[in-house]
Every structure is written in C-alpha cells, then in structure tokens.
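Now for the letters of each chain:
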Amino acid sequence: MAEKFELNEVEVWDGNYAASQALRQAQIDVVAAYPITPSTPIVENYGAYQANGYVDGEFVMVESEHAAMSGCIGAAAAGGRVATATSSQGFALMAEVLYQASGMRLPIVLTVVNRALASPLNVRGDHSDMYLGRDSGWIQLDCFNSQEAYDLALCAFRIGEHLDVRLPVMVHQDGFTTSHKAQNVRPLQDEVAYKFVGDYVPVDDMLDFTRPVTHGAQTEEDWHYEHKAKQHKALMDSRKVIDEVLNEFKELTGREYKRVESYMMEDAEVAMVLLGSSVETAKLAAKQLREETGLKVGIVSPRCFRPFPYDLIREELDRENLKAVVCMDKSAPGGAMGALFNEVSAAAYSTKARPIITNYIYGLGGRDFSIDEAKRIMTEQKAHADAGYITTNIQQFSGVRGPKLGFFDTRRG
Amino acid sequence: MAITSIKNLKEFSTANDRFEGAHLLCPGCAHSMIVRELMNCTDDNLVLASNTGCLEVSTAVYPYTSWDTSWIHIGFENSATAAACAESMYKARKRKGTLKDPDAPVKFVAFGGDGSTYDIGFQWLSGAMERGHDFTYICLDNENYANTGGQRSSATPVGAHTSTAQAGTHSYGKKQKKKDIVAIMAAHGAPYVAQLAPNKWKIMAKGFQKALETEGPCFINTVSACTTEWKFDPKDTIAVTDLATDSLMFPIYEIINGHELNILYRPKNVIPVEDYLGAQGRYKHLFKPQNRHVIDRIQNDVNEFWERLQRREEARI
C-alpha cells in the first residue's frame, strides 16, 4: 500500500505537478513513459513518488515515446490502469500507436502538454500536437489552467474506463503557460480522489487465464469498416458519459465543467472561439472591451475537442444577436483553414443565425497572445458585423512579423 | 502436456495444442513448428505478443484466432514492449492483489520475424532487454520480409536474391553481411541467448525451456526455412534446415550471461555451404561462373565464424 501524501486545502502547483498528482491519486498500475519538454516534470514527479513509496504500481522508463504508448497498450491489455504523458515530437512519434490504442479500445490516459511541432525546432506551446491527434479516435479534453489539469485528469480515468466508453483519453494543457505556471490549486484528499476515480474493472484481461483473449486482430474489407464505425459510435456516444462524469465531479467539488464553455454569450454580438490557456486571456479582453467600448463580446471554448461538440457549439452560435465569430487556431494550418475554424463553421452552417465566421492563426511556437491582441481581433469582428460581410481576408495571421498575411476573400453579403 | 513428458515426435505431434492447426501460414512454413514447440515445452500459462509479420497475419484474422492463450499484436515493431509491459502489469497486479488467480504460473513471450527483430523493431527489443523484464523474445528468422513478398532485411545473407536486392546481369543479390543479432543480444548482458533450429527439435525444446525458466530478458534466434522466398519444395523444410545446420550456415549455440558460449550441435559431417545454397532457388544465380566467387566468400565467412564460436566456447569470454 502506497504512503499517504499530505495535501493542503490549497496548494501552489503548476500544470505538470497538478497532472502528476492526479496520476498518483488514481493509483495507476503501470506508467510507461519517456521524457520530453515541457511534459518531462510529470514523469520526473512520478519517479519521485515511486522512489519515496507514494505509488505502488510499476514505473517503466522506456526508450522512446513510441515504446511508451506501445507499453501502455500491452499493459492495458493485461487488465490494469495505465497512464503516460508527452508533448510535441514525442506525441508525433506516438502517432502510429495512438490509433492502435483507440482501435483496441484500451482506456489509457495521456496527458499532452501542448507544444509546437518542428521544423523549426521549438519547445514552446502551440496546438500542433493536439491537432495531430484529432483523428486518432481518442477523447480529447482541453484544460485552460493548472486546476483543470488536475481535475480533468481525474475525470479522464472515469470517462475512458466507463464500460460504455472504453476509449483512451488525452488531457491537454498548454506547454509552459499552463505546465510551468504555478497557481493555486485545490486538490482532493487521496481517499476522496481515489473514491471518485474508482477501482479499475478489467475487460478482456490477458491475465485472466480462464478466458484466453486475442488483442489486435487483423481485418480487411470484410470487417474493418464495421469496427471503425463501432469505434466512432462509441466516441460520439461518450458525450453522455462525459457529461455525467463532469456533473458528478461538480457535485463533489463545486467546480463545474462543460463540453463547451461559454462566457458572456447571452447578449454577444461578436464571439471568439478558442482553446487552451488563451481562453483566460480572451475572457479578460472581452470583459475589458465591454467596459471600455460597450462592444458585446462573448467567448466560446470547446472543453472537449474530441468528440467535437457540434451540438453545443451550434447551440452557442445559434443566437439572433450574434453577427460575427472569429475562430482562433494556434497551429500552423498547413495549406488549409484552421481546424477549429473548419469545425466551428460546419457546426454553424446548420444554424438559423448563420453568423459571419473568420479565422485567425496566432501564437505559433509560443508567441505571446496578449489582451491587446485579443481586443484588436474582437474589434475587427465588429466591422464585419456592421458591414454584414467579411471586410478582411477570411484567414489572417495575427502577430507575425513582415507584411500582413491573409488568404481568401468572400463575395457573400 | 509439456515437452519434458513427450518422448518422441509421434507423441509431440498429438500433444495438447494451444496453437491451433487452423491458420493461414504457407504449407511447409517452419514458423508453426517453432511456435508450436515453444507452446508445448511448458504447461505454464502464456501471454504472447507478436509483431506484424507472417505469423501475425496468418493467425488472427477476425473473426478467427489460432491462439488458445492470451495473445496481443500492436504493430510491426513493438511486440517486445507489449510483452515487457504486460509483464510489468502482472507484477503490479500481483503486488496489489488484483489478479484473478495470483498463483497461476505465467510466462511472457514475444515473437517477431527477422524484419521486425533485426530492423524495424530493433530499438524496442533493445530497450526491453536493457530494462530487464522477465520475458523471452523469439525471432522467427527467415532472412527476408516474407510477409510482403520477399524484400531484403538486415538478416538476409550475402548472395541471396530478394525483391529489393535482386540478382541480375549487374548484381549477385545482397552484398552486405547478415547482422549478428545473437552477439548483439548477448552484449545486452541478457542471461540467456541462443540460436536454435526446428530440425534439432529436442535441442530447441531444451533451449526454449531454459529461456522460459531463466529470470530476466532472454533472446532466441530460430532458423525458419521459408519455402516461398527461399524457393524450395514445401515438403523439404526440415531437409533444407538440416543442410543449414550441417553446413554451419546456422550454427546452434547458446550464450549465458553474455559470455559463456556453448555450442549445442556439432555436425558429424560438416557439408559444404554449396550443398545448402544449391537446394534453394534464391541462390540459383550464384552457380553461374561469374558468381562462383560469392560462394567462396560465403564458405570462407562460415569457416571463420565457426572458428570464432569454438574459440569463444573455449575461452569463456
């Protein structure tokens, strides 16, 4: 039995430490991991817990991130709770095995401390790695600060391991802005946290020798399609379980999370949609702008990036008063519109209100996103709203050096 | 029933089988003989992992499985990691008391072909060996990527024709020497490493048992004659394997704790490599006058390697 870890009612934790405390409290059986900036402290902290008797599971430091996820799969199939953490290039190296984890329906929890993808090499935060995971069949939860990195990691075990879900879950936090920024965090005591997470219930356990199981079979055109359809259905249907677990967490802690968070949207004339720690910047900017200019700005933030909450995004954007929406993508779009823009636009297309939607690329490689920048972009939306059409390029780059960079115009009135 | 209580081949052929005969391997493929022997040499429960390859694609095509035991396949490169971390999970659950039957004996075994062992899965194998998990890795070495139509791997020997190292008017096939995977694994300090062959089935069973009983990471390279890509008649699998071991193209030996080398089979009559090469279509071109020098090179390499093995056996270093 692991040693008890004394916790204060309020601790000062950065996002990495918050995530590692959640892993400790979940009493994971196997952590297979490999270090990478900025998520390294998560596995270092876990190593310290192990060295001092605070965890009694196995801690396997493997030789690469691909092996970390491979090890998580082998361990999960052997019927126990499994988690790991990574960032950026490590996440990219894992990509092959991410699909295998979800296809094999193994509930692994992966904390992703978001960081840009090379080249050029960059250790700072953007959402390139998070976006890379978006078709991998994992549930993706997005945290905006340290408290959430802790809370949602606990929820992730409940969601992924739920017998109606049985899917792996990524818990995203922003590299450095969340992972290395110390904030007040209110943790649960160990026994309360573990009671919330619950005992692991093995399914198709390789160590149950009374019932041999084959994991990772092959299918071709005869069965592959049905497997993928079923997996997608499980992912789509997980919305209900996510809502239930978040509700239960609210009852336990008073902290409320929703698949889509919104702020001052009731009377909003323009809205900004964005992810991660920038949400907190945008909220401040919106509040200040309302006070300073009277411009009614609201904020919409998908808390659950996968399954993508089309239902709730549509609800948020289907408002008669809402005229213009800007989608902020913190990832190099690679020859397309930003992913968030594409998905939000698709959801908004089937609304009655059909607001004007534009796309900003921002903050790549950890470039700071300031309140002033947010205000400038919000104000620009007002111009679209007043004109009744998009007065700029549809996609623009914010805060990049050199001449103004933008793409595509609209002729739609 | 374990092989210790199996007296002869007839009994072996009718022994209780956890690897079902219904699979899609080619007629005459040695993989099934090797796997079956591994599974018959212990009565313990088995947790098996397979890399992508001939064995995997032929034994677990949904909705069927040939495995009457726990079995997992993830990708081309990571069976070592899958078995190793399943073993870690076993340790954790045993400690925490969450196993259904905590006293049931269990062995963890990973399989890979030579492509996934010598090439693409090399790092995963090396990592698992270094970490010291209690498991055995078995390479089914047929010296090429047979599952995808016979491309060269770093286990393909000099002079062999493969689809990506072809024999032609300007080429005698593969130019580079086969990687010495056994030495590399022994250099990891593994407690038990061996090279075994299914024609010497009693030696192979003993080697498998040693590996399973030895605590820590063990590695076994097995010679798996490939009727399809080596190009011989499916009925001749064991005959070709006999030529391989008796020509010393595949010496049978073990290395304990990285340095104690024991030769496990000394042919009474060592045959020239030419006899082995001549039995397979993949070496046909070597018998053209302009390529005879390659046969001489192969014979020379085999002689040198056998000499080295004997000297290492004597020196115990």
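What counts, and at which threshold
Every chain's residues receive numbers from 1 upward, in the order its sequence appears when written. Written order decides the labels, with chains lettered from A and ligands numbered from 1. With the structure being a predicted model, the display of local features is reserved for residues of pLDDT at least 70 and the display and counting of side-chain atom pairs for 80 or more, all residues being used for whole-chain, interface and lining totals. Helix and strand definitions follow DSSP, with helices as H or I runs of at least four residues and strands as E runs of at least two, each counted in order from the N terminus. Between the two quantities, the radius of gyration covers C-alpha atoms and the globule rule is 2.2 Å times the number of residues to the power 0.38. For every residue pair, C-beta atoms are placed from the backbone, and the pair is scored as a contact if these atoms sit within 7 Å. Partly exposed residues are those whose C-beta has more than 12 but fewer than 20 other C-beta atoms within 10 Å; 20 or more makes a residue buried and 12 or fewer makes it exposed, with C-beta atoms placed from the backbone. The nonpolar core criterion groups buried Ala, Val, Leu, Ile, Met, Phe, Trp, Tyr and Cys residues into a set whenever they are joined through C-beta atoms within 7 Å. Segmentation of the chain into domains, including their bounds, is taken from an automatic or database domain assignment. Interaxial angle, 0 to 180 degrees, is taken between N-to-C directions of lines fitted to C-alpha atoms, where a helix line uses only the stretch in contact. Oblique is the label for every angle not falling under 35 degrees (roughly parallel), over 145 degrees (roughly antiparallel), or within 65 to 115 degrees (roughly perpendicular). Note on convention: the crossing is left-handed when the near helix lies turned anticlockwise from the far helix by less than a right angle, right-handed when the turn is clockwise. Only Asp, Glu, Lys and Arg are considered charged in this grouping, and only Ala, Val, Leu, Ile, Met, Phe, Trp, Tyr, Cys and Pro are considered nonpolar; every other residue, Gly among them, is considered polar. Strands were regarded as paired on the criterion that DSSP finds at least two bridges between them.

## Quick notes on the overall build of chain A
In terms of helices and strands, chain A carries 12 helices and 17 strands. Since a compact globule built from 413 residues should have a radius of gyration of about 22 Å, the 21 Å found for chain A is in line with a globular shape. For the C-alpha atoms alone, the extent of chain A along its principal axes is close to 70 × 55 × 45 Å. A fraction of 78% describes how many contacts in chain A between residues 6 or more apart in sequence connect residues 24 or more apart.

## Remarks on the overall build of chain B
From N to C terminus, chain B includes 12 helices and 10 strands. A compact globule built from 317 residues should have a C-alpha radius of gyration of about 20 Å, and chain B, at 19 Å, falls within 12% of that. Once the C-alpha set of chain B is aligned to its principal axes, its extents read approximately 70 × 50 × 40 Å. Evaluated residue by residue, chain B yields a buried proportion of 53% over its 317 residues. Summarising the internal contacts of chain B: among those between residues at least 6 apart in sequence, 69% fall at separations of at least 24.

## Details of the nonpolar core
Ranked by size, the top nonpolar core spans 222 residues in total, and within it A:Ile73, A:Ala153, A:Met272, B:Ala83 and B:Ala86 carry the most contacts. When residues of this core are assigned to domains, at least three fall in each of domain 1 (11-199 + 222-253) and domain 2 (262-407) of chain A. In this structure A:Ala153 touches A:Ala19, A:Ala22, A:Leu23, A:Val109, A:Thr111 and A:Val171, once residues within four positions along its chain are discounted.

## Some points on the packing of helix H3 (residues 65-77) of chain A against helix H4 (residues 79-96) of chain B
Running from N to C, H3(A) and H4(B) cross one another at 50 degrees; their axes reach a closest spacing of 7 Å. Here H4(B) runs oblique to H3(A), going by the angle between their axes. Seen along the crossing, H3(A) lies across H4(B) with a hand that is right-handed. For the pair formed by H3(A) and H4(B), the contact residues are A:Ala67, A:Ser70, A:Gly71, A:Ile73, A:Gly74, A:Ala75 and A:Ala77 on the first element and B:Thr81, B:Ala82, B:Ala83, B:Ala84, B:Cys85, B:Ala86, B:Ser88 and B:Met89 on the second.

## Description of the interface of chain B and chain A
Of the residues lining the interface, 41 residues belong to chain B; the matching set on chain A comes to 36 residues. Put simply, the parts of the chain that give the side of chain B that touches chain A at least two residues each are strand S1 (45-50), strand S2 (70-73), H4 and helix H6 (122-131) of chain B. Its residues assigned to classes, the side of chain B that touches chain A comprises 21 nonpolar, 12 polar and eight charged. Looking at chain direction, strand S9 (residues 214-215) of chain A and S2(B) are connected through two bridges and run parallel. Note that in S2(B) the partner of A:His215 across the bridge is B:Ile72.

## Some details on H6(B)
Turning to H6(B), its buried residues number three or more, namely B:Trp124, B:Leu125, B:Gly127, B:Ala128 and B:Met129. Buried residues along H6(B) sit against H3 of chain A together with H4, helix H5 (114-120), strand S4 (136-141), helix H7 (181-187) and strand S8 (218-223) of chain B. Of the residues one or two after H6(B), B:Gly132 is the one with positive phi, at around 80 degrees.

## So, the pairing of strand S10 (residues 260-263) of chain B
Sheet topology note: the strand S9 (residues 253-256) of chain B/S10(B) ladder contains four bridges and is antiparallel. Bridge pairing in S10(B) links B:Glu254 to B:Asn262.

## What to know about the domain arrangement of chain A
All names here are of chain A. Per the domain assignment, the segments of chain A are domain 1 (11-199 + 222-253) and domain 2 (262-407). For domain 1 and domain 2, the distance between their C-alpha centroids amounts to 28 Å. Contact residues are listed per partner, giving 27 residues for domain 1 and 19 residues for domain 2. Of all the secondary structure elements, the ones that give two or more residues to the side of domain 1 that touches domain 2 are helix H5 (128-132), strand S6 (139-142) and helix H8 (224-253).

## Focus on the sheet that holds S4(B)
In spatial order, the strands read S9(A)-S2(B)-S1(B)-S3(B)-S4(B)-S8(B)-S7(B)-S9(B)-S10(B); together these nine strands make up an open sheet with mixed pairing. Of all the strands in the sheet, the pair left with one neighbour each is S9 of chain A together with S10 of chain B. Contacts between H4(B) and the sheet are confined to S1, S2, strand S3 (106-113) and S4 of chain B, with S3(B) contributing the most and set at about 170 degrees to the helix. Here helix H12 (residues 292-315) of chain B sits on the sheet and contacts S9 and S10 of chain B; the angle it forms with S10(B), its principal contact strand, is near 125 degrees.

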